[in-house]
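These are the residues of each chain, in order.
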Amino acid sequence: MPSSERISRTPSRRALAALLVLVIPACNKAAQETPPAPIASSAAAPSASVAPSVQDDAARTTRALALQKPSGSSTVDKEIEILVRRIEKTPEPIDPWILLGRAWVRKARYEADPGYYLNAGAVADLVLGREPKNRPARNLRAAVLLESHAFVEAKDLAEQILADDPDDLLALGTKADAELELGAFDAALSTAQRLMDLKPSLPAYGRAGLLRWLQGDPAAAKKNYRAAMDASDPRDPEPFAWVLVEAAKVFWHEGDVDGADKGFDRALSAVAEYPPALVGKARVALAKGDAKRAAELAARALAKSPLCETAWLLGDARKAAGDEKGAAEAYKRVAEIGRATDKRTLAAFLAAKDKDPDEALVLIREEMKARKGIHTTDVLAWALYRKGDFAAARKESDAARAHGTREPVLLFHAGAIRIAQGEKKEGEKLVREALAMNPHFEPNAAAEAKKLLGEGG
């Protein structure tokens, strides 16, 4: 297993195009209207088991999604438009297709809308229909699998790419991300170390920052995020904004609300209306008692990026502002988005609110079939706690904290579970640690934590 000293080294290098983005899948409106199709192209051999008309329809659908006209007028939108016109005029060369796929990935990052990965996936499918071993297209396909939570498939494809080229940086990044989501923490560390050894860069430092945080080492996490910022490419500001948000989250977890707010502001200066930064600022505003401002920021983020956790935050902010009707509408969105694309966050929401524990447990157990990482395991622990199965909850909570992660919500869950098991002294100590880290870490949890300690009404 790689040492902290090795993975935390900080020489500055230029960023790679790829970047770890741990986001919750959601579909943009255009992608919802045009579903993804299987690998198909006019150059692909027809399948004996599929009618030619069906295959032709699939090929047309895939091509339409790949060459869809983007909404917006950003630099990446203009790049996509140029590439689409170029391909429509001369579709034979492969390179413009690869550039188009990568541009769709950048748009997904800028918009914080993983639905655009469907467009990138359509590009990959068309290229692979012509050249099944095309490595850039296979890397695009692996990125799409990762974002669609097909973590086993993403890892398998990344390993196939690495079998052909052990030094493929994109495949190493995908493999590390998939391993982390699958709960293979030590394997993720090893793969991330390999990436760092080959090319210390923004993607490598970004992953190192996250891994160090999950190991309970905030100083090393900040050091790596600082190195990632130094390695950023000014021509592509979104990765820089992403790193700023991830670093700000460390400050948030530590209870440095003002420090976190400054990081979110810097991210918004790099990328205007960047949804992850808007969400961060909404949490800060709610922590500072400005619920109306928090609701406004969360609403802006949700309009651009319809994610389950953002709808949850919007509901909490509206409720705190006295807008019960608006809160109910936002919570309804949580359920709608969660059931469609994000079972883990919906399960966490239901467990946090202590609503429908049966559904929460069904949802998170279903999610555990695809991902078994730290936060998924913690949600399972809390759902089991709500069901009164304290022994099983303790087992999962201990597993979630096995690597030393010190996030307030994990500490609170661990403490509450211990209190329920009769370990009052140890449990209250953990609950106090959670509140000491950040007394505003999550409205429901923080209030419940205070009640457990006899400090809240």
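Per chain, the residues get numbers from 1 upward, laid out in the order the sequence is written. Per-residue local features are limited, in this predicted model, to residues with pLDDT of at least 70; the limit for side-chain atom pairs, both in listing and counting, is 80 or more; totals at the level of whole chains, interfaces and linings are taken over all residues. Side-chain measures here rest on the full set of heavy atoms in the structure, leaving out hydrogens and waters.

A. Seen up close, helix α18 (residues 324-341). Taking 1.5 Å of rise per residue, 18 residues should cover 26 Å, and α18 covers 26 Å from first to last C-alpha, within 8% of that figure. If you check which residues of α18 are buried, you get Gly326, Ala327, Ala330, Tyr331, Val334, Ala335, Ile337 and Gly338. Runs of H or I in DSSP of at least four residues are treated as helices and runs of E of at least two as strands, each being numbered from the N terminus. The length a helix should cover is 1.5 Å for every residue beyond the first. Relative accessibility decides the category of a residue: with a 1.4 Å probe and only protein chains considered, values under 20% of the type maximum give buried, values over 50% give exposed, and everything between is partly exposed.

B. Expanded view of the nonpolar core. Within the largest apolar cluster, 116 residues are counted, with the highest numbers of intra-cluster contacts made by Tyr225, Tyr274 and Phe412. When residues in this core are grouped by element, the largest group, 10 residues, is from helix α13 (residues 237-253). Ignoring sequence-local partners within four residues, the contact set of Phe412 consists of Trp382, Val431, Ala434, Phe441, Ala445, Glu448, Ala449 and Leu452. Val84, Leu100, Val105 and Leu128 belong to the second largest nonpolar core, which has 30 residues in total. For our purposes a nonpolar core is just a set of buried Ala, Val, Leu, Ile, Met, Phe, Trp, Tyr and Cys residues, chained together by side-chain atoms within 4.5 Å. Contact between two residues is taken to exist if any of their heavy atoms lie within 4.5 Å; hydrogens are not considered.

C. Up close: helix α8 (residues 151-164). Between the first and last C-alpha of α8 there are 20 Å, a value that for 14 residues agrees with the 20 Å anticipated at 1.5 Å per step. For α8, the set of buried residues is Phe151, Ala154, Leu157, Ala158, Ile161 and Leu162. Projected down its long axis, α8 carries its buried residues within an arc of 140°, all on one side. Along its buried surface, α8 packs onto α7 (135-147) and α9 (169-181). Relevant arc is that of directions from the helix axis to the C-beta atoms, nothing else.

D. Broad picture of the pattern of salt bridges. Definition used for salt bridges: Asp or Glu carboxyl oxygen within 4 Å of a side-chain nitrogen of Lys or Arg. In the structure shown here, the tally under the stated rule is 42 salt bridges. The salt bridge partner of Asp261 is Lys281, with a shortest N-O separation of 2.7 Å. Note that Asp261 is positioned in helix α14 (residues 257-270) and Lys281 in helix α15 (residues 275-287), a separation of 20 residues in sequence. Looking at Asp261, the relative accessible area reads 14%, which means it is buried. Accessibility expressed as a relative area gives 12% for Lys281, which makes it buried. Put simply, Asp398 and Arg418 hold a salt bridge, and the shortest N to O gap is 3.0 Å. Note that Asp398 is positioned in helix α22 (residues 390-400) and Arg418 in helix α23 (residues 408-420), a separation of 20 residues in sequence. Note on Asp398: relative accessible area 31%, which makes it partly exposed. Overall, Arg418 belongs to the buried group, its relative accessible area being 5%. Sharing partners across several salt bridges, the network here consists of Arg394, Asp398, Arg418, Glu423 and Glu426.

E. Here's a closer look at the packing of α23 against helix α24 (residues 424-437). Axis lines are fitted through C-alpha atoms, for helices just across the contact stretch, and the angle between N-to-C directions can take any value from 0 to 180 degrees. Closest axis-to-axis distance for the α23/α24 pair is 7 Å, and the angle between their directions is 160°. The orientation of α23 with respect to α24, classified from their angle, is roughly antiparallel. For α23 against α24, the interelement crossing comes out left-handed. In contact with Pro408, Leu411, Phe412, Ala414, Gly415, Ala416, Arg418 and Ile419 of α23, α24 contributes Lys424, Glu426, Gly427, Glu428, Leu430, Val431, Glu433, Ala434 and Met437. For the contact of α23 with α24, the residue count by class is 10 nonpolar, two polar and five charged. Between 65 and 115 degrees an angle is taken as roughly perpendicular, under 35 as roughly parallel, over 145 as roughly antiparallel, and anywhere else as oblique. Less than a right angle of anticlockwise turn of the near helix away from the far helix marks a crossing as left-handed, whereas a clockwise turn marks it as right-handed. In the scheme used here, Gly and all other residues not listed as nonpolar or charged are polar, with Ala, Val, Leu, Ile, Met, Phe, Trp, Tyr, Cys and Pro taken as nonpolar and Asp, Glu, Lys and Arg as charged.

F. Quick peek at the packing of helix α4 (residues 75-89) against helix α5 (residues 95-111). The interhelical angle for the contact between α4 and α5, taken along N-to-C directions, is 155°, at an axis separation of 9 Å. Considering the angle they form, α4 stands roughly antiparallel to α5. Seen along the crossing, α4 lies across α5 with a hand that is left-handed. Between α4 and α5, the residues in contact are Val76, Asp77, Glu79, Ile80, Leu83, Val84, Arg86 and Ile87 and Pro96, Trp97, Leu99, Leu100, Ala103, Trp104, Arg106 and Lys107, respectively. In terms of residue class, the contact of α4 with α5 is built from 11 nonpolar, no polar and five charged.

G. The arrangement of the side chain of Ser305 in detail. Structurally, Ser305 can be placed in the loop between α16 (291-304) and α17 (308-320). Here Ser305 falls in the buried class, since its relative accessible area comes to 1%. Not counting residues within four places of it along the chain, the set of residues in contact with Ser305 comprises Glu111, Ala112, Asp113, Pro275 and Thr310.

H. Structural detail: the environment of Glu309. Examined against the element boundaries, Glu309 turns out to sit in helix α17. In this structure the C-alpha to C-alpha distance between Glu309 and Ile337, which are 28 residues apart in sequence, comes to 9.4 Å.

I. Representation of the packing of aromatic side chains. Paired rings are identified among Phe, Tyr and Trp, the last through its six-membered ring, by centres lying within 6.5 Å, and are further divided according to the angle between planes into stacked (under 30 degrees), edge-to-face (over 60) and tilted (the rest). Inspection of the entire model under this criterion finds seven aromatic pairs. Aromatic side chains Trp382 and Tyr385 sit 4.2 Å apart centroid to centroid with 10° between the ring planes, which places their arrangement in the stacked category. Of this pair, Trp382 and Tyr385 both sit in helix α21 (residues 374-386), three residues apart, which is roughly one turn of the helix. As far as the burial class goes, Trp382 and Tyr385 line up, both buried. Both rings, one in Trp382 and one in Phe412, keep their centres 5.2 Å apart while their planes meet at 55°; by these two values the pair is tilted. Placement of Trp382 in helix α21 and of Phe412 in helix α23 is noted, with a sequence separation of 30 residues between them. Comparing Trp382 with Phe412, the two get one shared label, buried. Members of the aromatic cluster, connected to one another through ring pairs, are Trp382, Tyr385, Phe390, Phe412 and Phe441. Geometrically, a charge over a ring is one whose NZ (Lys) or CZ (Arg) sits within 6 Å of the ring centre while staying within 35 degrees of the ring normal. Sitting over the face of the ring of Tyr116, Lys107 holds its NZ or CZ atom 4.9 Å from the ring centroid. For the cation-ring pair, Lys222 lies above Phe251, with the distance from its terminal atom to the ring centre recorded as 4.4 Å.

Note that every value here comes from positions in space, so none of it alone points to a role or purpose.
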